[in-house]
Amino acid sequence: MFATEEVVPLSLTDEAIARIRGLIQAGDLAPGSRLPPENQLAAQLGISRNSMREAVKALQFARVLDARPGDGTYVTSLAPDLLLGGLGSAVELLRDDTLLEVMEIRSMLEPAATSAAALRITADDLAELEFLLGRMRASAADAEELVRYDMDFHRTVVAATGNQSLTSVLDGLSGRTARARVWRGLLNADAAAQTLAEHQAIYDALAAGDPELARAAALLHVSSSARWLRHALAEGSAGSMVGPALDPGR
């Protein structure tokens, strides 16, 4: 006799969310369109107005809907950077012992992205990367500033692929690992020089338009970060290492 999986019924709010999402996925509510009045939409979907309000709040939080006081509620653009922009906040909530998993995801995606960028990068993109490398060299004694330009560098590289979804995903993943990069600079006196050398190698490969060299340079960079992190976790310094977050205002 086969065991059957128990089906957990959706809450009324979850059901309301699913029905609104269904309208969007079916194209009945297109990006930028205004939702019908609350009572009309609730009646159309066969749900209560209270459930409708809770569903709208949840979809606002997910950046699917945008409530404009005095004007109504609209479907957002549903652009990747908008919908995936909350990934970084979600990743920040992961436990410290899952940080290596995040690094593993980066090691899968970032080299491929850098390889693709080598074939698509523009002269303006290269000029921006060269500027950021200069700022990184000037900030080599300041771990937090170095990390900030480091993140801008990687964001520019991935954006050069023209893939907005990939850019948003990797941007979110890098937010979590930023803390580790800061502490890497504080705990390892050679980290700044090593990081600069790795970024220069990525830039050189991109400037040469060599996708395989770019892939290898990016993989080396992510792998060296992962090796340090694995060692730090083994030494039991993870709790202090990933504690302080970057302050964007500093």
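These notes cover the structure that comes with them. (Residues numbered from 1 in each chain as written. Predicted model: local features only at pLDDT ≥ 70, side-chain atom pairs only at ≥ 80, totals over all residues. Heavy atoms only, no water.)

1. Section: the pairing of strand β1 (residues 65-68)
- In this sheet, strand β2 (residues 72-75) lies alongside β1 in antiparallel orientation, the contact comprising 4 bridges. Its bridge partner being in β2, R68 is matched across the sheet by G72.
- Here β1 hands over to β2 after 3 residues, with G70 in that stretch at a positive phi of 80°. (Pairing = 2+ DSSP bridges. Helix = DSSP H or I, 4+ residues; strand = E, 2+ residues; numbered from the N terminus.)

2. Overview of the packing of aromatic side chains
- All told, the structure shown has 0 aromatic pairs when counted by the stated rule.
- Sitting above the plane of the Y74 ring, R68 keeps its charged end 3.9 Å from the centroid. (Phe/Tyr/Trp six-rings, centres within 6.5 Å; stacked < 30°, edge-to-face > 60°. Lys NZ or Arg CZ within 6 Å of the ring centre and 35° of its normal.)

3. Side note on the packing of helix α2 (residues 38-45) against helix α3 (residues 49-61)
- Where α2 contacts α3, the two axes come as close as 9 Å, and the packing angle between them is 105°. One finds that α2 runs roughly perpendicular with respect to α3. In this structure, α2 contributes E38, N39, L41, A42 and L45 to the contact, and α3 contributes R49, M52 and R53.
- Looking at the contact of α2 with α3 residue by residue, the class counts come to 4 nonpolar, 1 polar and 3 charged. (Axes fitted to C-alpha atoms, helices over the stretch in contact; angles between N-to-C directions. Parallel < 35°, antiparallel > 145°, perpendicular 65-115°, else oblique. Contact = heavy atoms within 4.5 Å. Nonpolar A, V, L, I, M, F, W, Y, C, P; charged D, E, K, R; others polar.)

4. Looking at the nonpolar core
- Counting 21 residues, the largest nonpolar core has I121, L129, M136, F153, V157, Y203 and L206 as its most contacted members.
- L29, M52, L65 and V75 belong to the second largest nonpolar core, which has 18 residues in total. (Core = buried A, V, L, I, M, F, W, Y, C linked by side-chain atoms within 4.5 Å. Buried < 20%, exposed > 50% of the residue type's maximum accessible area, 1.4 Å probe, protein only.)

5. A word on unusual backbone geometry
- Of note, R63 is a non-glycine position whose phi angle comes to about 65°, a positive value.
- Within the secondary structure layout, R63 lies in the loop between α3 and β1.
- Classification of R63 by relative accessible area gives partly exposed; the value is 35%.
- Backbone geometry places L78, a non-glycine residue, at a positive phi of 60°.
- Position of L78 relative to the elements: it lies in the loop between β2 and α4 (80-83).
- A relative accessible area of 24% means that L78 is categorised as partly exposed.

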